[in-house]
Amino acid sequence: NARWRKYMEDMHTTVADFAGKAGSLFAGLYDGHGGRSAVDFVTSHLHTQLERELRSGSKPNEALKAAFLKVDRMLMQMDTMHCGTTAAVCFCQRAAGATSPLTLHVANAGDTRALLIREGGHPVRRLTVDHVATDPVEVQRVMSVGGTVMNNRVGGSLAVTRALGDHCLKDGGVTAEPYYLMHEVGPDDKFVLMASDGVWDVISDSDAQDLALSHARDTPDELANRVIMQALARGTRDNLSCLVIQLK
């Protein structure tokens, strides 16, 4: 979004046949702030740490939590006191073989969002939680550990309540512990649509589903580009990233 942003601080990673499992997929979308140090590191290391956890025998929910927290601790060595990144991860896994049921393991920290786009008249489903300092639940959590929220920002400075990095605020209630959700893919589940908050500033969940289903024959890249162009047309002023996973 060059009109409003001098720097691009969104990043993403996708890995097919993740952790040596045929038919699996890792997709991660990250929205950095305060510089690129944190987002560059997380982009390179979160999926590798998750793979280590999975190969060690951890269940996906345990592996995702451990990966987020361990990479956050690694960032402490990199002068990330005043920069950080959100993270939304979708790990798609088949139990065995290409025709077995597909399970989504989704985790996020911050306000990068993932939606489940469904056909057959089903409403869109949000797979993540927006961890922001306007959410009463998150505000209460921050205050319960001695943090403060001023002007809808943690410590008066950070709009998200969960992030990797931002170590100057970790004692003030910001945490890297992710929200986790598991979903067994059903016959009407069409796409997972992941995007940074610049998209969600101007596009509602239901509008995103309508757009996706009206162009369901597009490739995932084409569909992701449609989302970005729609957000630009609606006047968003933030960096923009979108990933679309087609569920077959």
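We now turn to the structure provided with this report. (Residues numbered from 1 in each chain as written. Predicted model: local features only at pLDDT ≥ 70, side-chain atom pairs only at ≥ 80, totals over all residues. Heavy atoms only, no water.)

**A short note on the pairing of strand β12 (residues 242-246)**
Quick note on the threshold: Between buried and exposed lies partly exposed: a residue is buried under 20% and exposed over 50% of the maximum accessible area for its type, with that area taken using a 1.4 Å probe on protein chains only. Under the DSSP-based scheme used, a helix requires at least four consecutive residues in state H or I and a strand at least two consecutive residues in state E, with every element numbered from the N terminus. Strand pairing requires that DSSP identify at least two bridges connecting the strands.
Taken across its five residues, β12 has four buried, putting it largely inside the fold. Note: strand β11 (residues 189-195) against β12, five bridges, orientation antiparallel. What sits directly across from Ala195, in β12, is Cys242.

**Observations regarding the pairing of strand β4 (residues 102-109)**
Burial runs high along β4: eight of the eight residues are buried. Of the strand pairs in this sheet, strand β3 (residues 84-94) and β4 are connected by eight bridges, and their pairing is antiparallel. Within β4, the position partnered with Phe91 by the bridge is His105.

**Focus on the pattern of salt bridges**
Our working definition: Criterion for a salt bridge: a side-chain nitrogen of Lys or Arg within 4 Å of a carboxyl oxygen of Asp or Glu.
Tallied over the full model, the rule gives 14 salt bridges. Taking the shortest distance from any N to any O, the salt bridge between Arg36 and Asp40 comes out at 2.7 Å. The exposure class assigned to Asp40 is partly exposed, which follows from its relative accessible area of 30%. With its nearest N and O atoms 3.1 Å apart, the salt bridge here joins Glu138 to Arg141. Highlighted residues: Glu138 and Arg141, both in helix α3 (residues 136-144), separated by three residues, approximately one helical turn. By sharing partners, the salt bridges in this structure join Arg113, Arg126, Asp130 and Asp205 into a single network.

**Overview of unusual backbone geometry**
Phi angles above zero are rare outside glycine, and Asp17 is one such case at about 50 degrees. Mapped onto the elements of the fold, Asp17 is located in the loop between β1 (10-16) and β2 (25-33). Unlike most non-glycine residues, Ala19 shows phi in positive territory, near 55 degrees. Following the sequence through the fold, Ala19 ends up in the loop between β1 and β2.

**Details of the nonpolar core**
Let me state the cut-off plainly: We define a nonpolar core as any set of buried Ala, Val, Leu, Ile, Met, Phe, Trp, Tyr and Cys residues linked to one another through side-chain atoms lying within 4.5 Å.
Tyr30, Leu46, Leu50, Phe68 and Leu164 are the most contacted members of the largest nonpolar core, which has 25 residues in total. Broken down by secondary-structure element, the contributors of at least two residues to this core are β2, α1 (37-55), α2 (60-75), β3 and β4. In terms of residue count, the dominant contributor to this core is α1 (seven residues). Grouped together as the second largest cluster of nonpolar side chains are 20 residues, Ile203, Ala208, Ala212 and Cys242 included.

**Section: the packing of aromatic side chains**
The condition is simple: In this analysis, rings of Phe, Tyr and Trp, with Trp reduced to its six-membered ring, are considered paired at centre separations within 6.5 Å, and the interplanar angle assigns stacked below 30 degrees, edge-to-face beyond 60, and tilted for intermediate values.
For the coordinates displayed, the defined rule picks out two aromatic pairs. The interplanar angle of 35 degrees and the centroid separation of 5.2 Å between the aromatic rings of Phe18 and Phe26 together place this pair among those described as tilted. With respect to burial, Phe18 and Phe26 carry one shared label: buried. Seen from their ring centres, Phe18 and Phe91 are 5.7 Å apart, and the 70 degrees between their planes marks the pair as edge-to-face. Here the residue Phe18 occupies a position in the loop between β1 and β2, and Phe91 occupies one in strand β3, the gap between them amounting to 73 residues. Given a relative accessible area of 0%, Phe91 falls into the buried group.

**Structural notes on the environment of Pro60**
Its place among the elements puts Pro60 in helix α2. Sequence spacing of Pro60 and Arg153 is 93 residues, and the spatial spacing of their C-alpha atoms is 31 Å.

**Notes on the sheet that holds β11**
Quick reminder of the rule: Residue contacts are defined here by distance: any two heavy atoms, one from each residue, within 4.5 Å place the two residues in contact. Whenever a helix is involved, its axis is fitted only over the stretch in contact; in every case the axis is a line through C-alpha atoms, and angles between N-to-C directions fall within 0 to 180 degrees.
The strand order across the open sheet formed by four strands is β6-β5-β11-β12, and the pairing between neighbours is antiparallel. Since the sheet does not close on itself, it has two edges, and those belong to β6 (125-126) and β12, each with one partner. Judged from the six bridges that link them, strand β5 (residues 113-118) and β11 form a sheet pairing that is antiparallel. The residue bridging Leu116 from the neighbouring strand is Val192, located in β11. Strands in contact with helix α5 (residues 205-214) are β5, β6 and β11; relative to β5, the strand with the most contacts, it is inclined by about 50 degrees. Along the sheet, helix α6 (residues 220-233) makes contact with β11 and β12, crossing β12 at roughly 145 degrees.

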